[in-house]
Amino acid sequence: MALSPLRRTLVPAAVGALLLGTLAPGAAAEPAYDLYEVHGALTAQDRTEIAATGAAVDQVGDDSVLVTATPDGAAEIGRLGYGVEEFDPPVPLAGPDPGYTTYDELLGVVDQVVAENPGIATKSVIGRSHEGRDLVAVRISDNANADEDEPEVLFVHAQHAREHLTVEMAVHLMRMLTEGYGEDGRITGLVDSREIWILPNVNPDGSEYDMAGTDWRNWRKNRQPNRGSSALGTDLNRNWDYMWGCCGGSSGDPGGVTYRGSAPESATEVRAVADFVRGRVVGGEQQITTAVDFHTYSELILWPFGHTYGSVVDGMTAEEYRTHEALGEYMAEANGYTPQQSSDLYVTDGSISDWLWGDQRIVNFAFEMYPGSAWEGGFYPPSSVVGRETARNEEAVLRLLDYADCPYRIIGAEAAHCG
Ligand code: 0X9
Ligand code: CA
Ligand code: CA
Ligand code: ZN
């Protein structure tokens, strides 16, 4: 699709420096992040080059992209030869919408789900965020308190702070699986035969910060300070310990929107979740077979790898690739999203997706939820869409749960892979 904003302001290459120059000496120099439309970006290589400046690519069009960047970053993209304009959100963003679940409310929902379903739902605290909030995992399975030998499935939500619809997705899944248990035969069978882990918000410091102002703050990263910089935050989805920082798919600048952190797992929350996932190795075998990492927006289903344009590469055989592709397409048939390899968009390194597959051999997907474009609200659609857009993913999630016993079954390769 071609993008065409309502109002546009040209950003000459020098403006970034000028804007930064307006900061009073000694003032906290935390960079502002704004939205820009970048023209002349036609290929994944173009988009990777743009992202390598430290910008986050939020939306991909035929010959342009929307990015979140600092004024400095926008100027740098201009110097690469692209046309860069400030992008004013086409839909007025009312301040934080009370229809979205705050972190306190989320903890309340978790406690309620567990209290009402003691036989099938348990809560554990898997660590604390940088600012000290509990990082929570909810487990849904029959014989709630026993670690049975059943395929385990992982759902990760809200690595990126401003992607609030993903928290609503977690709430929806917890309710769907517990309310459907004993009522719906398919859900009952899946809850009985799988162990389902929901991590409903792995970046609570970022989410709370994004919701705490009079306007949404467009915040993506966590809220951890960086040594030697006044800029806060690491992009959690660039901080995972597989090919970290390898390939121009993240920023080395603490001010960058996609800052990869000072080392793999340097982000408190990534370390906690990675430890949790490693903890699911029992008797030398990773119990988690399949996973979804929920993001917004663009209505996509993405599979690894992100660090390379290649599909069949070191760490991914043709059968393994075809399994991801076939399952991704099967789920996309259910929710109407577009299925593709992650790097078809742009290169990312240090993503959870690459780590879950490359390091843990977990067949996994990133869902980029509603909306399809900035024209429908971008990261901040009205909460009136929550019911519809979370229910939209029910069937896709059930399909993944169904294949969790042996994801390779979808290409008929269970004999080779699931002895
Ligand atoms: O860039 C990202 O981290 C994700 N997009 S977002 O707009 N939500 O920031 C996409 C990550 C997909 N990565 C892999 N599947 N490797
Ligand atoms: Ca069980
Ligand atoms: Ca188990
Ligand atoms: Zn995201």
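How each quantity is defined
Here the residue index of a chain counts from 1 through its sequence in written order. Key to labels: chains lettered from A, ligands numbered from 1, both in the order written. For this predicted model, a pLDDT threshold of at least 70 governs which residues receive local features, and a threshold of 80 or more governs which side-chain atom pairs are given and counted, while totals over whole chains, interfaces and linings are taken from all residues. Side-chain measures were taken over the full set of non-hydrogen atoms in the model, leaving aside hydrogen atoms and water. UniProt positions are given in the numbering used here, feature names are shortened, and annotations may be inferred rather than shown by experiment. For the purposes of this entry, the term helix denotes a DSSP run of H or I that reaches at least four residues, the term strand denotes a run of E that reaches at least two, and both are numbered from the N terminus. When accessible area is computed with a 1.4 Å probe and restricted to protein chains, residues below 20% of their type maximum are described as buried, those above 50% as exposed, and intermediate ones as partly exposed. The contact criterion used throughout is that any non-hydrogen atoms of two residues lie within 4.5 Å. In this listing, donors mean N, O and S atoms no farther than 2.8 Å from the metal, or 3.2 Å for Na, K and Ca; water is missing from the atoms, so a site can look incomplete. We call a residue near a given molecule or strand whenever any one of its heavy atoms falls within 4 Å of it. In protein, a polar contact requires one atom able to donate a hydrogen and another able to accept it; more generally it is a pair of N or O atoms within 3.5 Å, and residues adjacent in sequence count only if both atoms are side-chain atoms. Method remark: on a 1 Å grid restricted to protein atoms, a set of points is classed as a cavity if a 1.4 Å probe fits but cannot get out and as a pocket if it is open with protein on both sides within 12 Å along at least five of seven lines; lining residues have an atom within 4 Å of a point. The way we define it, a molecule is inside a pocket or cavity when more than half of its atoms are within 2 Å of that pocket's grid points. For this classification, Asp, Glu, Lys and Arg are treated as charged, while Ala, Val, Leu, Ile, Met, Phe, Trp, Tyr, Cys and Pro are nonpolar and the rest, including Gly, are polar. Irregular is the label for any site that misses the other tests, which are tetrahedral for four donors with all angles between 85 and 135 degrees, and square planar for four donors or octahedral for six when opposite donors exceed 155 degrees and the remaining angles lie between 65 and 115. An axis is simply a line fitted to the C-alpha atoms; with a helix, the fit covers only the stretch in contact. Between two such axes, the angle follows the N-to-C directions and lies from 0 to 180 degrees. Roughly parallel means an angle under 35 degrees; roughly antiparallel, over 145; roughly perpendicular, 65 to 115; everything else is oblique. For a crossing to be left-handed, the near helix must be turned anticlockwise from the far one by less than a right angle; the clockwise case is right-handed. Disulfides are defined as cysteine sulfur pairs within 2.5 Å. For a helix, the expected span equals 1.5 Å multiplied by the residue count minus one. Think of it as the arc spanned by the lines of direction from the helix axis to the C-beta atoms. Grid points are joined across faces, edges and corners, and a volume is the space filled by probe spheres set on the points.

Caption draft 1: View of the UniProt feature "active site" (unreviewed entry) in the protein chain. UniProt tags Glu368 as "active site" (unreviewed entry). If you trace the backbone, glutamate 368 turns up in strand β15 (residues 363-369). Since its relative accessible area comes to 11%, glutamate 368 is described here as buried. Contacts of glutamate 368, omitting those with residues within four sequence positions, involve His295, Thr296, Tyr297, Ser298, Glu299, Leu300, Leu302 and Tyr337.

Caption draft 2: Spatial organisation of the coordination of the calcium ion (ligand 3). Bound to the calcium ion (ligand 3) on the protein side are Asp147 (OD), Glu148 (O), Glu152 (OE) and Glu195 (OE), at distances that span 2.2 to 2.3 Å. In the primary structure, the donors to the calcium ion (ligand 3) are separated according to the pattern D-E-x3-E-x42-E.

Caption draft 3: Region of interest: the site of ligand 1. Around ligand 1, the surrounding shell holds 17 residues, and the nearest of these are Arg220, Asn237, Arg238, Tyr346 and Glu368. Contacts to ligand 1 include threonine 296, whose backbone N or O atom sits 3.2 Å from a nitrogen atom. Given that more than half its atoms are within 2 Å of the pocket grid, ligand 1 belongs to the largest pocket. Contributing elements (two or more residues each) for the shell around ligand 1: β12 (288-296) and α10 (352-358). Grouping the amino acids of the shell around ligand 1 by side-chain chemistry returns 3 nonpolar, 9 polar and 5 charged.

Caption draft 4: View of the side chain of threonine 166. Residue position: threonine 166 is located in helix α5 (residues 165-179). Within polar-contact distance, the side chain of threonine 166 engages the backbone oxygen of glutamate 163 at 2.8 Å. Sequence-distant contacts of threonine 166, defined by excluding residues within four places in its chain, comprise His157, Ala158, Phe294, His295, Thr296 and Met369.

Caption draft 5: View of the coordination of the calcium ion (ligand 2). Here the calcium ion (ligand 2) is held by the protein donor atoms Ser141 (OG), Asp142 (O), Asp142 (OD), Glu148 (OE), Glu150 (OE) and Glu150 (OE), which lie 2.2 to 3.1 Å from it. Given 6 donor atoms and angles of 44 to 174° at the metal, the environment of the calcium ion (ligand 2) is assigned as irregular. Taken in sequence order, the residues that donate to the calcium ion (ligand 2) follow the motif S-D-x5-E-x1-E.

Caption draft 6: Representation of the environment of glycine 127 in the model. With respect to the helices, strands and loops of the structure, glycine 127 is situated in strand β6 (residues 121-128). Taking relative accessible area as the criterion, glycine 127 reaches 17% and is therefore assigned buried. Distance in space between the C-alpha atoms of glycine 127 and aspartate 275 is 9.2 Å, their sequence separation being 148 residues. If sequence neighbours within four positions are ignored, glycine 127 has contacts with Arg133, Asp134, Leu135 and Ala272.

Caption draft 7: Quick peek at the packing of helix α6 (residues 185-193) against helix α12 (residues 394-403). Contact geometry of α6 with α12 gives a least axis separation of 10 Å together with a crossing angle of 45°. With respect to α12, the element α6 is oriented oblique. As for how α6 packs across α12, the hand of that crossing is left-handed. Of α12, the residues touching α6 (which contributes Arg186, Ile187 and Leu190) are Glu395, Leu398, Arg399, Leu401 and Asp402. Residues that form the contact of α6 with α12 fall into these classes: 4 nonpolar, no polar and 4 charged.

Caption draft 8: Layout of the state of the cysteines. For the coordinates displayed, the defined rule picks out 2 disulfides. Across a sulfur-sulfur distance of 2.0 Å, cysteine 246 and cysteine 247 are joined as a disulfide pair. Taking the torsion about the S-S bond as the criterion, the cysteine 246 to cysteine 247 disulfide, at about -105°, is left-handed. We classify cysteine 246 as partly exposed; its relative accessible area is 34%. Two residues, cysteine 406 and cysteine 418, share a disulfide whose sulfurs are 1.9 Å apart. Handedness here is read from the sign of the S-S torsion; for cysteine 406 and cysteine 418, about 80°, the answer is right-handed.

Caption draft 9: Seen up close, helix α4 (residues 103-116). For α4, built from 14 residues, the straight-helix expectation of 20 Å at 1.5 Å per residue is met to within 8% by its first-to-last C-alpha distance of 20 Å. Among the residues of α4, those classed as buried are Tyr103, Leu106, Val109, Val110 and Val113. Seen from one end, α4 has its buried residues packed into an arc of 110°, which puts them on one side. Exposed residues lying more than 90 degrees from the buried face of α4 are Asp104, Ala115 and Glu116.

Caption draft 10: Spatial organisation of empty space enclosed by the protein. In total, this model carries 5 cavities of 30 Å³ or more according to the counting rule given. If you add up the space inside the largest cavity, you get close to 150 Å³. In terms of lining residues, the largest cavity is bounded by 16 residues, among which Leu35, Pro89, Gly377, Gly378 and Phe379 are the most central. Partitioned by chemical class, the residues of the lining of the largest cavity number 12 nonpolar, 3 polar and 1 charged.

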